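# Coordinate inspection notes
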Amino acid sequence: MKWFDYQAPRNIGEAVEAMTLHPTARPLAGGTDLLVQMRAGRRTPDLIVDIKKIPELNQLHFEPGLGLTLGAAVPCYRIYNDSAVSRAYPSLAEVANIIGGTQIQGRASIGGNLCNAAPSADSIPLLIALGATARITGPSGERTIDVAAFCTAPGVNVLQPGEILVSIQIPPTAGGARYLRFIPRNEMDIAVAGAGVSVTLSNGNIQSAKIALASVAPTPITVDASSLSGAPVNDDTLKKAGELAAAAAKPITDMRGTADYRRHLCAVLTRRALASAIAAAKESK
Amino acid sequence: MSTQYNVIGTRPIRHDGADKVTGRALYGADIQLNGLLHGAILRSPHAHARIKRIDTSKAEALPGVKAVATAADFPAAGDKIVDLGEGATPLSYIRGNVLAQGKVLYRGHAIAGVAATSAHIAEEAASLIEVEYEVLPCTLTAPDAMKDGAPILHEDLHMQEFGKKTDKVNNVADHFRFSIGDAEKGFEEADLIIEREFHTSTVHQGYIEPHNATVLWNNDGRVQVWTSTQGSFVVRDTTACILDLPVAQVKVTPMEIGGGFGGKIPVYLEPVAAVLSKKSGRPVKIVMTRKDVFEASGPTPGSYIRAKIGAKRDGTFTAAQAYLAYEAGAYPGAMVGPGAMCIFAAYDIKNVTVDGYDVVVNKPSTAAYRAPGATNAAFAAESVVDEIAEKLGIDPVDIRLKNAAKEGTQRVDGPKYRRVGCVEVLQAIKASEHYNAPLGGPNRGRGIGIGFWFNVGLPSSCTISVNADGSVNLVEGSTDIGGTRTSIAMQAAEVLGIPAEQVHPSVVDTDSIGFTAVTGGSRTTFATGWAAIEAARDIVRQMKERAAKLWETEPAEVNFENGVFSKNGKSMPFAELASKIGETGGPIVGRGAVNPRGVGGSFAGAIADVEVDPETGKTQVVRFTSIQDVGKAIHPAYVEGQMQGGSVQGIGWGLNEEYYMDTTGTMRNSSLLDYRMPTALDLPMIETIIVEVPNPGHPFGVRGVGEANIVPPPAALANAIHQAAGVRLRTLPMKPSTIMEAVWAK
């Protein structure tokens, strides 16, 4: 590891200024990806901007009707320890509980998981399925984009020099959601494939469904699930959802699995996640 | 025979327990010395290349760098054959693996070392060393490396065949054959013959503590080494050999060791740190990263095996044959010999032929791993046995019992067993609650497997001195990787008739104890335990002299039983007599120095229950029992720990662990995240059944217990998966995608 400077700004303005002055600077929340990458020589920032001391980035605020504001630096454990958030978004609480182990969850943030832009990021497919948006601030002001459009390549996101992610906004949900991943071990593993699904029901039929996948393309991807709208809740529909996911996946063969196997997993996981989301939607009524 | 023991068979708290659980124990990387420099190693990015030129000038010029070392800094001693604990090996191979000479033979092969005032500077300096390579094509598996036209690793390595050097240069270091009876005739007598092919991946021992070494080349010419190792004397002798020094000029202090499993026998860093220390005049510490551990220490061989067994309709095995090609990695020594000895070792078969091939490939030089070679072999043999049982409609335990090895059975490599516990292990499986329990759900299967591993003797030393308070200090040279401080202290305590807590064991440096061979081969409780017994007996003999002096009689007239000296109604417990050693003649020191025969090999079995997700191919181990003949369990809790540890490693080997290599010879999963050893969340509590068939060759009946338990698990899992998912997997690991692909192909 090479030398680097460290700065811990107290407000967004200072953070943006530091990030603007140092084009190779990296923001640090939990550091659970960044420090590993620096040790491995994959990133060599000359400045680390610790964003944990900025109030807006530590916000965790749920308001029925408005949704959830999830600050970019909020560590995972705060999500599943917050009863209001866990009740409103049980699928999010579950995802916060499967990223890394307990110690990692004390530091790692969903915002960091998003910014790290790994194809295998566990939180991103669920955020996409939940219709989440990313609030970004930078030298030229603030902007908001869909999480679905946030990642552009492995390890690369839409943030421009000087920009930081402030928070993730998740709209209120009327249905159910679930993220399922496949890992050969039971915990502490990287998804071979993952599927995030949300669904709303109407008169026993699917009103709308959203599906997103992890680990089967250079970025987490959104599956066009519009053809499921209006479909009855039955095994055929679940199967069809799986087929849509498998068709949308563009996996590669690597040490985590073969392309064919990953495509197959997309179908299985999507079907199972949708069934689980439907059950949750029914329960929440 | 039932022997009453006071200490043996009890479960005292381990002597090093407090230090270990409070974090006070000092491991290799904990050592701090004044003026300490930090080292880094430059490693090859290529799996096979000729080194055309090394330019270290930029590294040397970097501020903070104090020394740079390459193979050119090693003394130019001529090549010779040395035996440093793992069999006879040319010194050039050992030295060449420490720092590459002329060629790099695997990705991660060490090329140069740097010492600097900080680890970061050392790392940066290493990256400034310029190496010009002529990249060569690589060969990564035994079958590929044996093909005509395969890239040749060692142009001067002529195949040895049936004990004779040939003029063939084909990456095969050795082709040998073991044979008893007449296999061809045996197969003619069979009603059913099954022959299958198996592939197993390279796997790593996965010890949590990375390799490390700290060396001070002192001004008086003595070289001091602090390291975590399974054999301090091996480190001493290897380091001395490479540096061309008399052995006694090197002193090795073994630090606590965070796991070894055979992988911490070879020397990697010590000679480099020594040269860097000599050049800089300061102590130098080098610690491997996890990536280095995977890429540049010694995993266990991947293998290609063909196994064939013939059986009569009643299940009697008439003949067996096997072909084993093991990947040695960069230098010869693939442990295929033990694999060949063990593949059919659990069975009494009269007609057996086994061919073994020791094949060099462009992967790290392999090292021992818990029963090295036997797990691969048992996976093959036990899968075939299971298939025969299935085809003949015989219970898998019954067919094994029918053919089980027993006293007098001749193994394919010649020796006949003394009293062994193979039958008793199988009977314990059959009688177990687990084997008779319902499976408890769909998609589940149960499989068993059995296996054998040796026990070696080799030299061990021990001294014991008596304290006036009735306790004793025990000094030994066996580094403690599995609770051996306690299992050795308990044997001394049993002889002395005192509680285990009254023995204070210390593992000391190579200047402070007689030669002691490695902690390996399941030998430590057996052999160093024996040295402790001898030392304790020496104490008893001297104490009898003191009692005789007090009671004005002859030593031969003094009785000693259960810790009490007595003669004609007079008696004195050990502690009381110990308090009088000053007045009866001064200090008492007992010594034990042994090289024992009488080793007792161990049979182990496993019962595995699995549930396979039919849609994802993921295997969940729902229940697992390890069964082992341990001779006599000195400390049953540590014996159970060994059985559980070996089982867990065997499960990892069976299900997910592998060196995932790309075609350039780069390991793509060289981190604990992607290497996928099982965690506590992936395993049920491993149940244990200790079987005790005492080894007639040891005073307390001890057999080696550390290794045989890893042999059966992959086979037992394969047999269980067959029942659960309907597919026979003949490739390790049996990862989810492999299972699904087999299901699809059905």
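Basis of the calculations
Residues numbered from 1 in each chain as written. Chains lettered and ligands numbered in written order. Predicted model: local features only at pLDDT ≥ 70, side-chain atom pairs only at ≥ 80, totals over all residues. Heavy atoms only, no water. Domains from an automatic or database assignment. Contact = heavy atoms within 4.5 Å. Buried area = accessible area lost by both parts, 1.4 Å probe. Buried < 20%, exposed > 50% of the residue type's maximum accessible area, 1.4 Å probe, protein only. Helix = DSSP H or I, 4+ residues; strand = E, 2+ residues; numbered from the N terminus. Pairing = 2+ DSSP bridges. Axes fitted to C-alpha atoms, helices over the stretch in contact; angles between N-to-C directions. Salt bridge = Lys/Arg side-chain N within 4 Å of Asp/Glu carboxyl O. Nonpolar A, V, L, I, M, F, W, Y, C, P; charged D, E, K, R; others polar. Polar contact = N/O pair within 3.5 Å; in protein donor to acceptor, adjacent residues only side chain to side chain. Arc of directions from axis to C-beta. Phe/Tyr/Trp six-rings, centres within 6.5 Å; stacked < 30°, edge-to-face > 60°. Parallel < 35°, antiparallel > 145°, perpendicular 65-115°, else oblique.

### Examining the domain arrangement of chain B
Residues and elements named next belong to chain B.
- Considered domain by domain, chain B is made up of domain 1 (17–25 + 457–594) and domain 2 (418–455 + 599–746).
- Look at where the C-alpha atoms of domain 1 and domain 2 centre, and you get two points 37 Å apart.
- Taken together, the contacts link 17 residues of domain 1 with 18 residues of domain 2.
- For the pair domain 1 and domain 2, the two sides together bury roughly 1300 Å², of which 67% comes from carbon and sulfur.

### Observations concerning helix α8 (residues 270–280) of chain B
Residues and elements named next belong to chain B.
- Judged by how many residues are buried, α8 sits mostly within the fold: nine of 11 residues are covered.
- Looking at α8, one finds that the buried residues are Glu270, Pro271, Val272, Ala273, Ala274, Val275, Leu276, Ser277 and Ser280.
- Positioned one or two residues after α8, glycine 281 has a phi angle of 75°, which is positive.

### Details of the sheet that holds strand β29 (residues 619–629) of chain B
All names here are of chain B.
- With mixed pairing, the four strands of this open sheet are ordered in space as β20-β28-β29-β30. In the strand order of this sheet, the two ends are held by β20 (444–453) and β30 (686–691), each with one partner. Strand-to-strand twist across the sheet, computed as the mean angle between neighbouring axes with direction ignored, equals 15°.
- When β20 meets strand β28 (residues 602–612), the two strands line up antiparallel, connected through 10 bridges. The partner of isoleucine 450 across the bridge, within β28, is glycine 605.

### Some thoughts on the interface of chain A and chain B
- Contacts between chain A and chain B engage 24 residues on the former and 26 residues on the latter.
- Joining chain A to chain B, the criterion identifies five salt bridges.
- Arginine 271 of chain A serves as the salt-bridge partner of glutamate 615 of chain B, at 2.2 Å between the closest nitrogen and oxygen.
- Looking at the side of chain A that touches chain B element by element, the count peaks at seven residues for helix α10 (residues 259–284) of chain A.
- Looking at the side of chain A that touches chain B residue by residue, the classes come out as 11 nonpolar, four polar and nine charged.

### Comments concerning the side chain of asparagine 709 of chain B
Residues and elements named next belong to chain B.
- Its place among the elements puts asparagine 709 in the loop between β30 and α20 (713–725).
- Exposure remark for asparagine 709: the relative accessible area of 1% places this residue in the buried category.
- Looking at asparagine 709, its side chain comes within polar contact range of the side chain of glutamine 628, at 2.9 Å.
- Beyond its immediate sequence surroundings of up to four residues, asparagine 709 is in contact with Arg370, Ala604, Ser626, Gln628, Gln642, Met643, Gly646 and Ser647.

### So, the pairing of strand β13 (residues 212–217) of chain B
All names here are of chain B.
- Counting buried residues in β13 gives six out of six residues, a clear majority hidden from the surface.
- Residues Asn212, Thr214 and Leu216 point to one face of β13 and Ala213, Val215 and Trp217 to the other, with burial holding for every one of them.
- Alignment of β13 against strand β16 (residues 284–287), held across four bridges, turns out to be antiparallel. Residue pairing for β16: valine 215 is matched across the bridge by valine 284.
- In the sheet, β13 pairs with strand β14 (residues 223–227) via five bridges, with the strands oriented antiparallel. Along β14, the bridge assignment pairs alanine 213 with threonine 227.
- Counted between consecutive antiparallel strands, the loop separating β13 from β14 contains five residues, among which glycine 221 sits at a positive phi close to 90°.

### So, helix α1 (residues 12–21) of chain A
Residues and elements named next belong to chain A.
- Among all positions of α1, only Ile12, Ala15, Val16, Ala18 and Met19 are buried. All buried residues of α1 fall inside an arc of 165° around its axis, so they share one side.
- Summarising the contacts, the buried residues of α1 are in contact with β1 (5–7), β2 (26–28), β3 (47–50), β6 (133–138) and β10 (164–170).
- For α1, the N-terminal cap is asparagine 11; the gap from its side-chain oxygen to the backbone nitrogen of glycine 13 is 3.1 Å.

### So, the packing of aromatic side chains
Residues and elements named next belong to chain B.
- One pass over the structure, following the stated rule, counts 22 aromatic pairs over all chains.
- Taken together, a centroid distance of 5.3 Å and an interplanar angle of 10° make the contact between tyrosine 369 and tryptophan 653 stacked. In this pair, tyrosine 369 sits in the loop between β19 (352–360) and α11 (374–392) while tryptophan 653 sits in helix α18 (residues 636–655), placing the two residues 284 residues apart along the sequence. Here tyrosine 369 and tryptophan 653 have matching classes, each one buried.

### Looking at the packing of helix α3 (residues 91–98) of chain B against helix α7 (residues 232–243) of chain B
Residue and element names in this part refer to chain B.
- Two elements in contact, α3 and α7, have axes whose closest approach is 10 Å; the angle formed by their N-to-C orientations is 90°. The angle between the axes of α3 and α7 places the two elements in the roughly perpendicular class. Taking contact as the criterion, the partners of Leu91, Ile94, Arg95 and Val98 in α3 are, on α7, Thr238, Cys241 and Ile242.

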